[in-house]
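Each chain, letter by letter, is given below.
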Amino acid sequence: MYKIPTNTLFIGKNLVFMPECHSTNTHALQLCQEPSTPEGTLVITDNQTAGRGQMGNTWEAHAGQNLTFSFILKPTFLRPHEQYSLNMAISLGLYDFLSAFLQQPVHIKWPNDLLADNRKVCGILIENSIQGSTLAHAVVGIGLNVNQATFSSPRAGSLRTVSGQSHGLQEVLDVLLVALEQRYLSLRQGKTVQLKHDYEQVLFGLNEPRPFKTGGEEFEGRVKGIDEAGRLLLETVEGVRVFALKEIEFVY
C-alpha cells in the first residue's frame, strides 16, 4: 500500500493502489472516461505484468522493487501541436528528482529515457487525448527502477545500482511527485521557453560526437536540441538533420 502524498497540491491526492495489474496506463485511461475522475489521480501497482514503453517496447520491472505508476493530467491549456512540451516538463521533473537524489550527472535521452551513470533508470510513456483544439487529458506513465539489482540489459540500471544502497519506495514516490508537479505547474504558467532551454541543456549527447543509426545507415552526429515539434536536431557533416520518433537510434 502507498500513502497519499502530503506535499503535492493535486498529484496523488486521489490514489488508486492495485497490488497487480497489466498496465497502469491502461487502467488510468479507463478512469479518464469517468467525468468525476480528478486531475492528479494516480494509479500505482507493485507488479505490472504487461507494462508498455515507447514505440511498442515492454518495461522490465521486478515485483515490489520499483515504482510503476501512471497519473492523469488535464492540460487543456495546450494545443495539439504543443503536446511535446508536456514531455519536456515530465522529463525535467524526473531529471530534477534524480540529479538531486543521486547527486551525480543525469541526462535525458531523447525522447523518453532518463540515464544515470549512462544506464537507463527511468522510462516515460505519455498518452494524450485530443478533443477539438486542446488536449483533453493525458496519462503519464512512469517506470522508475529503484531497488532492482539485476537486469537483462546491460544498459539498464536503478537507484540501487547507481547509488549502492536501497531506498524506501514511499519516500522516493513522495519526493518524485513533488518534482513532477513543480515542472507541470511551470508549464501551466506558460514557461515553455524556459522549459525548452532547461531540457536541451541536459540532453544526452549534447554537442558531443556520437554514432547514430537511421534505417540501414550509421553516421556520426552531435545533438543540438529539439525543434518546436519536439523532433531531434543533429549536426552532421551534411548539416543539421531533423528526426522524429522511430527515425533515429542512439548507438552507445
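Residues numbered from 1 in each chain as written. Predicted model: local features only at pLDDT ≥ 70, side-chain atom pairs only at ≥ 80, totals over all residues. Heavy atoms only, no water.

### Considerations on the side chain of threonine 24
For clarity, the cut-off: Put simply, DSSP H or I for four residues or longer makes a helix, DSSP E for two residues or longer makes a strand, and each gets a number counted from the N terminus. Burial classes: relative accessible area under 20% of the type maximum marks a residue as buried, over 50% as exposed, and values in between as partly exposed (1.4 Å probe, protein chains only). Pairs of N or O atoms within 3.5 Å make up the polar contacts considered here, provided that, within protein, one atom can donate a hydrogen while the other can accept it, and that residues adjacent in sequence are counted only when both atoms are side-chain atoms. Throughout, a residue-residue contact means that at least one pair of heavy atoms, one from each residue, lies within 4.5 Å.
For threonine 24, the location among the structural elements is in helix 1 (residues 24–32). Look at threonine 24 and you get buried, because its relative accessible area is 3%. Separated by 2.6 Å, the side chains of threonine 24 and serine 70 make a polar contact. Among residues more than four places away in sequence, those in contact with threonine 24 are Val43, Ile44, Thr45, Gln48, Thr68, Phe69 and Ser70.

### A short note on the pattern of salt bridges
Side-chain pairing between opposite charges can occur once the charged atoms of the two side chains come close. What counts here: For this document, the term salt bridge refers to a Lys or Arg side-chain nitrogen within 4 Å of an Asp or Glu carboxyl oxygen.
If you walk through the whole model with that rule in mind, you get 12 salt bridges. Here arginine 79 ties to glutamate 82 by a salt bridge, and the two come within 3.3 Å at their closest N and O atoms. One salt bridge in this structure joins arginine 241 and glutamate 217, with 3.3 Å as the shortest N-O distance. Note that arginine 241 is positioned in strand 11 (residues 239–243) and glutamate 217 in strand 9 (residues 217–226), a separation of 24 residues in sequence. For arginine 241, a relative accessible area of 19% gives the class buried. A cluster of three or more residues bridged by salt bridges with shared partners is formed by Asp96, Arg183 and Asp198.

### Focus on the pairing of strand 5 (residues 113–116)
Under the convention used in this document: For two strands to be treated as a pair, DSSP must find no fewer than two bridges joining them.
Residues Asp113 and Leu115 point to one face of strand 5 and Leu114 and Ala116 to the other, with burial holding for every one of them. The pairing of strand 4 (residues 106–109) with strand 5 spans four bridges and is classified as antiparallel. Across the sheet, residue lysine 109 finds its bridge partner in strand 5, namely aspartate 113. What sits between the antiparallel neighbours strand 4 and strand 5 is a turn of three residues. Where strand 5 and strand 6 (residues 119–131) come together, four bridges link them in antiparallel fashion. Opposite alanine 116, over in strand 6, you have arginine 119 as the bridge partner. Adjacent in sequence and paired antiparallel, strand 5 and strand 6 are bridged by two residues, among which aspartate 117 carries a positive phi angle near 55 degrees.

### Details of the packing of helix 2 (residues 84–102) against helix 4 (residues 169–188)
What counts here: Here the axes come from fitting lines to C-alpha atoms, over the contacting stretch only for helices, and the angles between their N-to-C directions go from 0 to 180 degrees. Here roughly perpendicular refers to angles of 65 to 115 degrees, roughly parallel to angles under 35, roughly antiparallel to angles over 145, and oblique to all remaining angles. The hand of a helix crossing depends on one turn: near helix anticlockwise from the far one by less than a right angle means left-handed, and clockwise means right-handed. Residues are grouped as follows: Ala, Val, Leu, Ile, Met, Phe, Trp, Tyr, Cys and Pro are nonpolar; Asp, Glu, Lys and Arg are charged; every other residue, Gly included, is polar.
Contact pair helix 2 / helix 4: the axes reach a minimum separation of 8 Å and the direction vectors enclose 140 degrees. For the element pair helix 2 / helix 4, the angle class is oblique. The handedness of the crossing between helix 2 and helix 4 comes out as right-handed. Together, Ser85, Leu86, Ala89, Ile90, Leu92, Gly93, Leu94, Asp96, Phe97 and Phe101 of helix 2 and Glu171, Val172, Val175, Leu176, Ala179, Leu180, Arg183, Tyr184 and Leu187 of helix 4 make up the contact between the two elements. Classifying every residue of the contact of helix 2 with helix 4 gives 14 nonpolar, two polar and three charged.

### Remarks on the sheet that holds strand 6
Across a sheet, paired strands are connected by hydrogen bonds in the backbone, their directions being either parallel or antiparallel. Reading across from one edge, 1-2-3-7-6-5-4 is the order of the seven strands in this open sheet, with mixed pairing throughout. Where the open sheet ends on each side, the last strands, each with one partner, are strand 1 (15–21) and strand 4. The sheet shows a mean angle of 20 degrees between the axes of neighbouring strands, direction not considered. Each of strand 3 (67–73), strand 4, strand 5, strand 6 and strand 7 (134–144) is contacted by helix 2, which is oriented at about 155 degrees to strand 6, the strand it contacts most. In the packing of helix 4 onto the sheet, contacts are made with strand 2 (42–48), strand 3 and strand 7, and the angle to strand 3 comes to roughly 30 degrees.

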